[in-house]
Amino acid sequence: ALSRAFGNVLLNAVEACGAQGTITVLVALLPQAELLVSVTDSGPGIAVDRLEQIWTPYVTDKTGGTGLGLAIVKQTVVAHGGRVEARSAPGKGAEIRLIFPVRRPDTVETV
């Protein structure tokens, strides 16, 4: 499920910025014991009034799109105890952030 979620985010970035654009993937450990996976593209960006709607099923601006890609991403990340965020400025690209809790080694169960 996580592989599909990451694939959906990356596919959206590729489609947004096209062959001449750039995509940056950042993975970082945040101070709050969270893992951040950030995907930023150089595409046209997302209108500010659309940012919260992108996670809603069947909402899309893509011709021929189903509007399920980011809804699946959110559902998957939330199922793993995480959260999603989107940042964008029209004409400046978009950033999709997937944030997961990190368990400390002393709390991991051994089998």
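It should be noted that the structure appears before, not after, this text.
Caption draft 1: Representation of the environment of leucine 11 in the model. The topology assignment puts leucine 11 in helix H1 (residues 2-17). In the structure, leucine 11 is positioned 58 residues away from glycine 69 in sequence and 9.2 Å away in space, judged by C-alpha atoms.

Caption draft 2: How the structure looks around the environment of isoleucine 96. Its place among the elements puts isoleucine 96 in strand E4 (residues 94-101). Sequence separation of isoleucine 96 and valine 77 is 19 residues, and the distance between their C-alpha atoms is 12 Å. Leave out the neighbours within four places in its chain, and isoleucine 96 touches Val9, Val37, Ser38, Val39, Ile54, Trp55, Glu85 and Ala86.

Caption draft 3: Examining the sheet that holds strand E2 (residues 34-41) more closely. Pairing is antiparallel across the open sheet formed by four strands, whose spatial order is E1-E2-E4-E3. Either end of the sheet is taken by a strand with one partner, and the two such strands are strand E1 (23-30) and strand E3 (83-88). Along the sheet, successive strands turn relative to each other by an average axial angle of 15°, direction set aside. The pairing of E1 with E2 spans eight bridges and is antiparallel. Along E2, the bridge assignment pairs leucine 29 with leucine 35. Against the sheet, H1 touches E1, E2 and E4, its axis set at about 25° to E2.

Caption draft 4: Quick peek at the layout of surface pockets. Empty space within the largest pocket amounts to approximately 690 Å³. Along the walls of the largest pocket sit 29 residues, with Asn12, Ile46, Asp61, Lys62 and Leu70 positioned nearest its centre. Counting residues per element, the lining of the largest pocket draws most heavily on H1, which supplies seven residues.

Caption draft 5: Just the pattern of salt bridges, in detail. In the structure shown here, the tally under the stated rule is six salt bridges. In this structure, the salt-bridge partner of arginine 83 is glutamate 85, at a minimum N-O distance of 3.6 Å. Residue arginine 83 is classed as partly exposed on the basis of its relative accessible area, which comes to 36%. The exposure class assigned to glutamate 85 is partly exposed, which follows from its relative accessible area of 24%. Residue arginine 97 is joined to glutamate 85 by a salt bridge in which the shortest nitrogen-to-oxygen separation is 3.0 Å. One end of the pair, arginine 97, is in strand E4; the other, glutamate 85, is in strand E3, with 12 residues separating them in the sequence. Take arginine 97: its relative accessible area is 12%, and that puts it in the buried class. It is possible to trace a salt-bridge network through shared partners that takes in Glu34, Arg83, Glu85, Arg87, Glu95 and Arg97.

Caption draft 6: Molecular detail of the side chain of threonine 76. Tracing the backbone through its elements, the reader meets threonine 76 in helix H2 (residues 69-79). Taking the relative accessible area as the measure of exposure, threonine 76 reaches 10% and is therefore buried. If sequence neighbours within four positions are ignored, threonine 76 has contacts with Ala1, Leu2 and Ala5.

Scoring rules and cut-offs
Residues numbered from 1 in each chain as written. Predicted model: local features only at pLDDT ≥ 70, side-chain atom pairs only at ≥ 80, totals over all residues. Heavy atoms only, no water. Helix = DSSP H or I, 4+ residues; strand = E, 2+ residues; numbered from the N terminus. Contact = heavy atoms within 4.5 Å. Pairing = 2+ DSSP bridges. Axes fitted to C-alpha atoms, helices over the stretch in contact; angles between N-to-C directions. 1 Å grid on protein atoms, 1.4 Å probe; cavity = no way out; pocket = protein on both sides within 12 Å on 5 of 7 lines; lining within 4 Å. Points joined across faces, edges and corners; volume = space filled by probe spheres on them. Salt bridge = Lys/Arg side-chain N within 4 Å of Asp/Glu carboxyl O. Buried < 20%, exposed > 50% of the residue type's maximum accessible area, 1.4 Å probe, protein only.

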